[in-house]
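Examination of the molecular architecture
Listed below are the residues making up each chain.
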Amino acid sequence: MKIQFTLTFMFIALLSFGQVDDYQKINSLYKEGKFLETIDKITIVLSKLSSSDTTFTKLLELRANSFMDISNFESAINDYQKLIKLNPRKSDYYSNSYYAYSEIRQDSIGYTFLEKGYAINPNDLLILNNMSYYLGEVGRYEESIKYASKGLELNNVPNDLQSFLLNNRGYAYINLGKFTIGLQDINQSIAVNPNNSYSYFYRALANIGLKRMATVCDDLEKSKNLGAINLTKNLINEYCSN
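These remarks concern the structure in this document. (Residues numbered from 1 in each chain as written. Predicted model: local features only at pLDDT ≥ 70, side-chain atom pairs only at ≥ 80, totals over all residues. Heavy atoms only, no water.)

1. Some thoughts on helix 4 (residues 73-86)
Rules: Numbering of helices and strands runs from the N terminus; a helix is a DSSP stretch of H or I covering at least four residues, while a strand is a stretch of E covering at least two. The length a helix should cover is 1.5 Å for every residue beyond the first. Using a 1.4 Å probe on the protein chains alone, a residue whose accessible area is under 20% of its type maximum counts as buried, one over 50% counts as exposed, and one in between counts as partly exposed. The contact definition used throughout considers only heavy atoms, calling two residues in contact when any of these lie within 4.5 Å.
When the terminal C-alpha atoms of helix 4 are compared, their 20 Å separation across 14 residues agrees well with the 20 Å that a helix rising 1.5 Å per residue should span. Every buried residue of helix 4 is listed here: Phe73, Ser75, Ala76, Ile77, Asp79, Tyr80, Leu83 and Ile84. In this structure, the buried side of helix 4 is in contact with helix 3 (54-69), helix 5 (91-103) and helix 6 (107-120).

Now the structure itself:
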């Protein structure tokens, strides 16, 4: 699965802001999910700040995040391009640029940002996960396995990312016809995170490849119930209609 970095916006001292009350109001709007108002307020404030002000960067991050939250990915991309110019060493900007491009069906452009981010920080779990996901989607399975494995070899990988990386690698193995190895990854992914709809779908694919049909329909139904309705439709019709 591809994932985006979610900004946790902590309170900071906005010395150049002029009035802390303004910041608190904007931060409250964002926390309340009033993203359009957040964007409007930040845009006004940014027009009064120098781009060299650290406050400028923090507010631009929050605006980019707000654009992502309302699925205005083109505007989010514009903000991330500005952020990359301000701080080209921050790998989160590259991960989120990829995610935004992929949401407007320009995955190949987005992948170039992942490559740039990987060059900056080859141990960034978000980048490794998204590289693995993208490469699996375009059929570059050996490379997908490579980057998923790099991520899984790192220390203290959070459960959600461990699950995604195992899923990506398992999917790649399955598409290479290595069903048993792929199944091991998928089972481990489910053990770490039992609420990922893709895992059950991939486990069904692996078992179909191994001609072990006993649990296929249960896994497809589980995947469907977790939200993968379109993903599972054809296989349910083919194997579970009777």
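2. So, the state of the cysteines
What counts here: Disulfide: a pair of cysteine sulfur atoms within 2.5 Å of each other.
Enumeration according to the criterion identifies one disulfide in this entry. For Cys217, the disulfide goes to Cys240, at an S-S distance of 2.1 Å. A torsion of -100° about the S-S bond marks the disulfide between Cys217 and Cys240 as left-handed. Placement of Cys217 in helix 12 (residues 216-225) and of Cys240 in the segment after helix 13 (229-239) is noted, with a sequence separation of 23 residues between them. Accessibility expressed as a relative area gives 26% for Cys217, which makes it partly exposed. Cys240 gets classed as buried once you look at its relative accessible area, which sits at 18%.

3. Remarks on the packing of aromatic side chains
For the record, the criterion: The rule is short: rings of Phe, Tyr and Trp, with Trp giving its six-membered ring, pair when the centres are within 6.5 Å, and they are stacked under 30 degrees, edge-to-face over 60, tilted in between. A ring is scored as having a charge over it whenever the NZ atom of a lysine or the CZ atom of an arginine sits within 6 Å of its centre and within 35 degrees of its normal.
Under the criterion given, the structure shown has 10 aromatic pairs. Between Tyr198 and Tyr202, the ring centres sit 6.0 Å apart and the planes meet at 55°, which makes this aromatic pair tilted. With Tyr198 and Tyr202 both in helix 11 (residues 197-209) and four residues apart, the pair spans about one turn of that helix. The rings of Tyr141, Tyr171, Tyr198, Phe201 and Tyr202 are connected pair by pair, giving a single aromatic cluster. Over the face of the ring belonging to Phe113 we find Lys116, whose NZ or CZ atom lies 5.1 Å from the ring centre. Across the ring face of Tyr200, the terminal group of Lys222 is positioned such that the distance to the ring centre comes to 5.9 Å.

4. Describing the packing of helix 11 against helix 13
Basically, it comes down to this: Fitted lines through C-alpha atoms serve as axes, helices being fitted only where they are in contact, and the angles separating the N-to-C directions of these axes extend from 0 to 180 degrees. By the definition used in this description, the sense in which the near helix is turned from the far one sets the handedness, with an anticlockwise turn below a right angle giving left-handed and a clockwise turn giving right-handed. As a working rule, the residues Ala, Val, Leu, Ile, Met, Phe, Trp, Tyr, Cys and Pro are called nonpolar, Asp, Glu, Lys and Arg charged, and the rest polar, with Gly in that last group.
At a minimum axis distance of 11 Å, the contact between helix 11 and helix 13 shows a crossing angle of 40°. Our pair here, helix 11 against helix 13, has a crossing hand that is left-handed. Residues Tyr198, Phe201, Leu205 and Ile208 of helix 11 touch helix 13, and the partners they reach there are Leu231, Thr232, Leu235 and Tyr239. Considered class by class, the residues forming the contact of helix 11 with helix 13 number seven nonpolar, one polar and no charged.

5. As for the nonpolar core
The condition is simple: Working definition of a nonpolar core: buried Ala, Val, Leu, Ile, Met, Phe, Trp, Tyr and Cys residues. They are joined through side-chain atoms within 4.5 Å.
Ile42, Leu46, Leu59, Met68, Tyr80 and Leu83 are the most contacted members of the largest nonpolar core, which has 27 residues in total. Secondary-structure elements contributing two or more residues to this core are helix 1 (20-31), helix 2 (35-46), helix 3, helix 4, helix 5 and helix 6. Excluding residues that lie within four positions of it along the chain, Leu59 makes contacts with Ile42, Val45, Leu46 and Leu49. Among the nonpolar cores identified, the runner-up in size contains 20 residues, and Tyr171, Tyr202, Val216 and Cys240 belong to it.

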